[in-house]
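# Fold and contact review
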Amino acid sequence: MRERFSKNSKFISYQVLFLLFIILLALFAVGMPALPLVPALLLVWTLVISLTGIILGLLASLGLSLISLFAFGSMMIWGMFAGWTISFSFSDIVIWMGLFLGAAVLTGLIHRLVKQTVAEHQEMVGKFDELVTIDEVTGFSNEKRLLFDLEEECSRSRRTGIPFSLMLIEVLYLDSFYRLYGPKEGDYLLSSLSTILRNNTRLTDRKFRLDRGEQGSGTFAVILSNSHEEGAEVVVKKIERLLSVHNLENDKKQVTLTIGFGISHYAEDVSDHLEMVQRAKQELEQYIQ
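In this report, the structure presented in the accompanying data block is examined. (Residues numbered from 1 in each chain as written. Predicted model: local features only at pLDDT ≥ 70, side-chain atom pairs only at ≥ 80, totals over all residues. Heavy atoms only, no water.)

### Here we look at the overall build of the protein chain
Heads up, the rule is: Working definition: helices are DSSP H or I runs of at least four residues, strands are E runs of at least two. Numbering for both runs from the N terminus. We call two residues contacting when some pair of their heavy atoms lies within 4.5 Å. The protein chains shown are the only cover counted for residues, whose accessible areas, like all others here, come from Shrake-Rupley with a 1.4 Å probe.
Within the protein chain, the secondary structure is distributed over eight helices and six strands. When contacts within the protein chain are restricted to residue pairs at least 6 apart in sequence, those whose partners lie at least 24 apart make up 68%. Counting only carbon and sulfur atoms, one obtains 63% of the accessible surface of the protein chain, whose full area is about 18,300 Å².

In C-alpha cells:
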C-alpha cells in the first residue's frame, strides 16, 4: 500500500511540474508583463489553490478557495471602511473570485481524473500479472499454473487410472543465502537448481516455482506424470544428490545446501488437487524437522 501511494504521489508531482512549466511558458510567450504587487500576490495565491487541487483533490481546493474568498471579501469591506485606496473595480473583484473558484474546481477535477487513470492502470497491471504464469528467474510456471495443471491431472487420473505424483522441493535457509551472497547470487542459485531439475526429469514432468517469500520462494514443485511411488523415490534420491552442493557464480566458493522433499501420490481417497498439495506440504515439513 505504501509503495502504491508513493507511485501515485510521484505521478501527481509530475503533473504539478508540468502545470508550472506551462504557466511559465505562457508568461514567457507574452513577454512576462510586470504586475502590480497586489495582483501578483493574488495570482500566486491562485496557483497555490491550483496546486492544492492537483495534489490533494477537489474538497481541499474548494475549502481553500472558500476561505480565500471570505478573506478577500473581508479585506475589501474592511478597506472601504478604513479608507484604503482600493484599485479593484467591481468587475475585477468578480473576476478574481471566479478565478479562485474556477482554479479549485478545474484542478480538483484534474486530480480526480489522474487518480482514476492511475487506478485503472494498476487494475490492468494486476490483471496482466494474473495472466503471466512464467517465473522470470527459473523459467518455470508459477503456483497458479501448478494448481490449474494439478486439478487437470487429478481429473485425468480419475478417468483413466494412470498414476502420478506431486513432488515439492524446498531450499532451506534461502533468505540467509540472499543476505550472505546478495540477490544476484541468489537468483543464480535458483536458476542453477532449475537447470538441474529440468535436466534430470522428463519433458512430460511439469515444473513449477511456488510464490512464497520476500526474496522469492526457494520451493519448487514437479508433477511426475505416469509415476508410481517407487519411481518418485528414485527421482528424489537422484535430485537430492545433485542439489546438495552449489558453486557460486564467481566460482570462488562451493556451498552446501540443505534440501527438503515432500511427495504425495494420487489415490482414490484423495478428494481433490488441494488435498494432494496439503499432503505434500505436510511431508515436506516432516522431512525438514
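From this point, the discussion proceeds with the structure in view.
### Brief notes about the packing of aromatic side chains
Under the convention used in this document: Two aromatic rings from Phe, Tyr or Trp, using only the six-membered ring of Trp, form a pair when their centres are within 6.5 Å; if the ring planes differ by under 30 degrees the pair is stacked, by over 60 it is edge-to-face, and anything between is tilted. Buried residues are those whose accessible area, probed at 1.4 Å on protein chains only, stays under 20% of the maximum for their type, while exposed residues exceed 50% and partly exposed ones sit between those limits.
Applying the stated criterion to the full structure yields three aromatic pairs. Considering the side-chain rings of F140 and F220, the 6.0 Å spacing of their centres and the 80° angle between planes classify their relative orientation as edge-to-face. With F140 in the loop between α4 (90–131) and α5 (143–160) and F220 in strand β3 (residues 219–225), this pair connects stretches of sequence that are 80 residues apart. Where F177 meets Y181, the ring centres are 4.8 Å apart and the plane angle is 50°; that geometry is what we call tilted. You can see F177 and its partner Y181 sitting in helix α6 (residues 174–199), four residues apart, about one turn around the helix. Assessed through its relative accessible area of 7%, F177 is described here as buried. With relative accessibility at 25%, the residue Y181 sits in the partly exposed group.

### Regarding the pattern of salt bridges
The test is simple: What makes a salt bridge here is a side-chain nitrogen of Lys or Arg within 4 Å of a carboxyl oxygen of Asp or Glu, nothing more.
Counted under the stated rule, the structure contains seven salt bridges. Close ionic contact of R206 with D149 constitutes a salt bridge, the shortest N to O distance being 4.0 Å. With R206 in strand β2 (residues 206–209) and D149 in helix α5, this residue pair connects regions lying 57 residues apart in the sequence. We classify R206 as partly exposed; its relative accessible area is 24%.

### Description of the sheet that holds β2
To keep things clear, this is the line we draw: In this scheme, strands are said to pair when DSSP sees at least two bridges between them. Here an angle of 0 to 180 degrees is reported between the N-to-C directions of two axes, which are lines fitted to C-alpha atoms, with helices fitted over the stretch in contact.
Taken together, four strands build an open sheet; the order of strands is β2-β3-β1-β6 and the sheet is antiparallel. Edge positions in the sheet fall to β2 and β6 (259–265), since each of these pairs with one other strand and no more. Direction aside, the axes of adjacent strands within the sheet are offset by 15° on average. Judged from the seven bridges that link them, strand β1 (residues 164–171) and β3 form a sheet pairing that is antiparallel. Paired with M167 across the strands is V222, a residue of β3. In this fold helix α7 (residues 229–243) packs onto β1, β3 and β6, with an angle of close to 165° to the strand it touches most, β6.

### Topic: α5
This is how the line gets drawn: Given a helix with a known number of residues, its expected span is that number minus one, times 1.5 Å. This arc is taken over the directions from the axis of the helix to the C-beta atoms. The term polar contact refers here to a pair of N or O atoms within 3.5 Å; inside protein, the definition further demands a hydrogen-donor-capable atom paired with an acceptor-capable atom, and it admits residues adjacent in sequence only when both atoms are side-chain atoms.
The terminal C-alpha atoms of α5, which comprises 18 residues, lie 25 Å apart, in line with the 26 Å expected from a rise of 1.5 Å per residue. Residues E143, L146, D149, L150, E153, C154 and S157 constitute the buried set of α5. Mapping the buried residues of α5 onto a view down its axis gives an arc of 145°, with all of them on the same face. Looking at where α5 begins, the residue whose side-chain oxygen comes 3.3 Å from the main-chain nitrogen of K144 is N142. Phi turns positive, to about 80°, at G161, one or two residues after α5.

### Observations concerning the nonpolar core
Put simply, the test is: Buried Ala, Val, Leu, Ile, Met, Phe, Trp, Tyr and Cys residues form a nonpolar core when they are joined through side-chain atoms within 4.5 Å.
Counting 25 residues, the largest nonpolar core has M167, I169, F220 and I239 as the members making the most contacts within it. With seven residues, α6 is the largest single contributor of residues to this core. Those residues in contact with I169, other than ones at most four positions away along the chain, are L197, G218, T219, F220, V222, I239, L243, I259, G260 and F261. Counting residues in each nonpolar core, the second largest holds 16 residues, with L150, L168, F208 and Y266 among its members.

### Structural notes on a negative patch on the surface
Applied cut-off: Without a salt bridge and with relative accessible area above 30%, a residue can belong to a patch; like charges are then joined within 9 Å and nonpolar side chains (Val, Leu, Ile, Met, Phe, Trp, Tyr) within 5 Å. We treat Lys and Arg as the positive residues and Asp and Glu as the negative residues; His and chain ends play no part in the count. A charge is said to be at NZ when it belongs to Lys, at CZ for Arg, at CG for Asp and at CD for Glu.
Together, E229, E230, E233 and E283 line one region of the surface with negative charge. Ranked by residues supplied to the negative patch, first place goes to α7 with three residues. Here E283 lies in helix α8 (residues 273–288). By relative accessible area, E283 is classed as partly exposed at 33%.

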